Amino acid sequence: MSNDANEDIKTMDAPDPGTVGENRHDAAGGTDAATDPIRELARDQKKTLFFTRIIGISSLVTAATVVIACLIVIPRAISTIDQMNALMAEGSAALDNANATLANIDSMTAEIETAADGINELVDANPDVLAESMAKLNNIDFDSLNKAIKDLGDVVEPMATFFNRFR
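Glancing now at the packing of aromatic side chains. Inspection of the entire model under this criterion finds 3 aromatic pairs. Geometrically, the ring pair formed by Phe50 and Phe51 is edge-to-face, given 5.4 Å between the ring centres and 70° between the ring planes. A relative accessible area of 48% places Phe51 in the partly exposed class. Ring geometry for Phe162 versus Phe163: centroids 5.5 Å apart, planes at 70°, classification edge-to-face.

Here it is in structure tokens:
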């Protein structure tokens with residue numbers, strides 16, 4: 001080391017000549033320089049103890065709050081989850097029913113297509129018969145037919161009344 005550095009260290013370690021003995025009082029009521037750091041340390045420890053107690057109490061209050069919240073929230077969450085599971089089961093059943101209905105509709109559609117194909121084949125195979133049948137239906141005199149049915153009803157009604165008397 002250099003000489004300047006050694007002298008700096010010596011001056012830092014050496015007490016200031018003006019302060020030597022200022023902390024000493026007489027033997028009757030004075031304090032020694034060695035007891036001041038102890039008092040200061042005791043004061044710091046009291047502050048540390050006070051703040052440690054505050055932190056401990058805060059931690060206990062926080063833990064109690066968390067425990068109480070868990071006791072309240074967890075049962076409600078479980079209840080909500082159970083309700084959601086029940087709802088999902090109902091939704092799944094409804095979806096299964098919808099799938100079954102769609103399968104039935106698909107089979108009905110296939111049957112209708114088959115029937116329509118059969119009708120188309122019948123029409124294609126017998127166009128003359130179909131045309132003849134349509135002509136005969138067009139030639140029917142529905143007014144005369146209705147009059148004949150009414151006349152028949154008028155004749156049968158007295159006979160029905162007569163036979164109902166024997167019952």
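Now that the structure is up, let's keep going.
Turning next to helix α4 (residues 142–164). The end-to-end C-alpha distance of α4, which contains 23 residues, comes to 32 Å, matching closely the 33 Å that a straight helix rising 1.5 Å per residue would cover. Where α4 bends most, the angle comes to about 25°, and this point is Val156, followed within four residues by the proline Pro158.

The next thing to look at is the confidence of the model for the chain. Summing up the model confidence of the chain, the mean pLDDT is 82 and the portion of residues at 70 or higher is 80%. Per-residue pLDDT, averaged within each element of the chain, yields its smallest value for helix α1 (residues 3–13) (50) and its largest for helix α2 (residues 35–125) (92). Below a pLDDT of 50 lies the segment residues 9–28, which in the model reaches 10 contacts outside its immediate sequence neighbourhood of four places, other chains included.

Before going further, it helps to spend a moment on a nonpolar patch on the surface. A grouping of Ile119, Val123, Leu130, Met134, Leu137, Ile140, Phe142, Leu145 and Ile149 is seen on the molecular surface, where their side chains present a nonpolar patch of about 810 Å² in accessible area. Put simply, the parts of the chain that give the nonpolar patch at least two residues each are α2, α3 (127–139) and α4. By the element assignment, Met134 lies in helix α3. Using a relative accessible area of 44% as the deciding quantity, one classes Met134 as partly exposed.

Rules used in this analysis
- Residues numbered from 1 in each chain as written.
- Predicted model: local features only at pLDDT ≥ 70, side-chain atom pairs only at ≥ 80, totals over all residues.
- Heavy atoms only, no water.
- Phe/Tyr/Trp six-rings, centres within 6.5 Å; stacked < 30°, edge-to-face > 60°.
- Buried < 20%, exposed > 50% of the residue type's maximum accessible area, 1.4 Å probe, protein only.
- Helix = DSSP H or I, 4+ residues; strand = E, 2+ residues; numbered from the N terminus.
- Expected span 1.5 Å × (residues − 1).
- Bend = angle between axes of the 7 residues up to and from the residue.
- pLDDT = per-residue confidence, 0-100.
- Contact = heavy atoms within 4.5 Å.
- Patch = residues over 30% accessible without salt bridge, like charges linked within 9 Å, V, L, I, M, F, W, Y side chains within 5 Å.
- Areas by Shrake-Rupley, 256 points an atom, 1.4 Å probe, with all protein chains shown as cover.
- Salt bridge = Lys/Arg side-chain N within 4 Å of Asp/Glu carboxyl O.

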